[in-house]
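Observations on the model geometry
Residue-level listing of the chains:
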Amino acid sequence: MGAFPKSPIFSAETSVFIETGTASGRSSRIAFEIGFSQVHSCDIRSISSIDDLLRVSGFHYEKRKSTDFLTDVLASLEERATFWLDAHPPDFSPGAWSLWDELDLILAHRVKDHVIVVDDWDIIRRQFPERLEQRILAANPLYSFAAITFNRIPDILIAETCLGISSSIINP
Ligand SMILES: C[S@@+](CC[C@H](N)C(=O)[O-])C[C@H]1O[C@@H](n2cnc3c(N)ncnc32)[C@H](O)[C@@H]1O
């Protein structure tokens, strides 16, 4: 379980950060810190530790199921954005996570080259090898992939279309 990678390369490419699964707000804070100007985040639970974030201009939070939240955010999104997909219960059953539906919503959006960053990839790929990548490539074959490793475990998957972000993250 990681936080969003602390690299300004992401905000150099996109200014909108969209997160599913706010939890303590840790990654939303990182997103502002590295230069995103708009941060949209949702959590299915009530979150009590994000009062500081709620005062930040550009922060949009809703206590809401991720798929409903994404449906609305995507409806008004006109530009390429960075998605941090991290909404799941505390279990090791990724087949039942909302991730797959979230991905389908993002991949069906009119912008076809969003940056998609998925946490807990190690759990996902062990149970569903290549499923994430194949689903993304079916929507746009120009996507390429890179992993960020924590404690020798490749735990964050980055999917993007121009290699600039992933190669910079992996070989800074
Ligand atoms: C691993 S935590 C998120 C950590 C946070 N993104 C970070 O980077 O620090 C997962 C969060 O997803 C939320 N969650 C689980 N299922 C959800 C769903 N369907 N929609 C929205 N949030 C969900 C949980 O309540 C939990 O707070």
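A brief report on the enclosed structure follows. The model shown is predicted, which means the values in this text are computed figures rather than measured ones. (Residues numbered from 1 in each chain as written. Predicted model: local features only at pLDDT ≥ 70, side-chain atom pairs only at ≥ 80, totals over all residues.)

As for the overall build of the protein
When helices and strands are tallied, the protein shows 8 helices and 7 strands. Computed over its C-alpha atoms, the radius of gyration of the protein comes to 15 Å, within 12% of the 16 Å expected for a compact globule of 172 residues. When the backbone C-alpha atoms are referred to their principal axes, the protein occupies close to 40 × 35 × 35 Å. By residue count, 35% of the 172 residues in the protein fall in the buried class. Counting only contacts in the protein whose residues sit at least 6 apart along the sequence, the fraction spanning at least 24 positions is 60%. (Helix = DSSP H or I, 4+ residues; strand = E, 2+ residues; numbered from the N terminus. Rg over C-alpha atoms; globule rule 2.2 N^0.38 Å. Buried ≥ 20, exposed ≤ 12 C-beta atoms within 10 Å, placed from the backbone. Contact = placed C-beta atoms within 7 Å.)

A few points about unusual backbone geometry
In this structure, aspartate 120 takes a positive phi of about 60 degrees despite not being glycine. Locating aspartate 120 in the fold gives a position in the loop between strand S5 (115-119) and helix H6 (121-127). The class for aspartate 120 is partly exposed, based on 19 C-beta atoms found within 10 Å. In this structure, asparagine 151 takes a positive phi of about 50 degrees despite not being glycine.

Quick word on the pairing of strand S1 (residues 16-20)
Buried residues dominate S1, accounting for 5 of its 5 residues. Going residue by residue along S1, you find Val16, Ile18 and Thr20 tucked away on one face and Phe17 and Glu19 tucked away on the opposite face as well. Across 5 bridges, the pairing between S1 and strand S2 (residues 38-43) is parallel. Across the sheet, glutamate 19 pairs through a bridge with serine 41, a residue of S2. With helix H2 (residues 26-33) bridging S1 and its parallel neighbour S2, the resulting β-α-β unit is right-handed. (Pairing = 2+ DSSP bridges. Right-handed = clockwise from strand over helix to strand, strands pointing away.)

Brief notes about H2
Burial in H2 covers these residues: Ser27, Ser28 and Ala31. Seen end-on, H2 carries its buried residues on one side only, within an arc spanning 105 degrees. Among the residues trailing H2, glycine 35 stands out with phi positive, at a value near 115 degrees. (Arc of directions from axis to C-beta.)

Observations regarding the site of the ligand
The ligand sits among 21 residues. The nearest are Gly21, Ala23, Ser27, Ser66 and Ala87. Those elements that place two or more of their residues in the shell around the ligand are S1, H2 and S2. Residue classes in the shell around the ligand are distributed as 8 nonpolar, 7 polar and 6 charged. (Near = placed C-beta within 6 Å. Nonpolar A, V, L, I, M, F, W, Y, C, P; charged D, E, K, R; others polar.)

Considerations on the sheet that holds strand S6 (residues 144-150)
What the 7 strands build is an open sheet, ordered S3-S2-S1-S4-S5-S7-S6; its pairing is mixed. In this open sheet, the two strands that pair with only one neighbour each are strand S3 (59-63) and S6. On average, adjacent strands in this sheet sit at an angle of 15 degrees to one another, irrespective of strand direction. Where S5 lies against strand S7 (residues 153-160), 4 bridges are found, and the strand directions are antiparallel. Paired with aspartate 119 across the bridge in S7 is isoleucine 156. (Axes fitted to C-alpha atoms, helices over the stretch in contact; angles between N-to-C directions.)

Observations concerning the pairing of S2
When you tally the buried positions in S2, you get 5 out of 6 residues, the bulk of the element. Bridge analysis of S2 against S3 gives 5 bridges, and the strand direction is parallel. Across the sheet, residue valine 39 finds its bridge partner in S3, namely phenylalanine 59.

Points about the environment of leucine 99
Relative to the elements of secondary structure, leucine 99 occurs in helix H5 (residues 99-107). Judged by C-beta crowding, with 22 C-beta atoms within 10 Å, leucine 99 ranks as buried. As a C-alpha pair, leucine 99 and isoleucine 44 span 55 residues in sequence and 14 Å in three-dimensional space. When residues no more than four places from it in sequence are discounted, the contact partners of leucine 99 are Leu85, His88, Pro94 and Val118.

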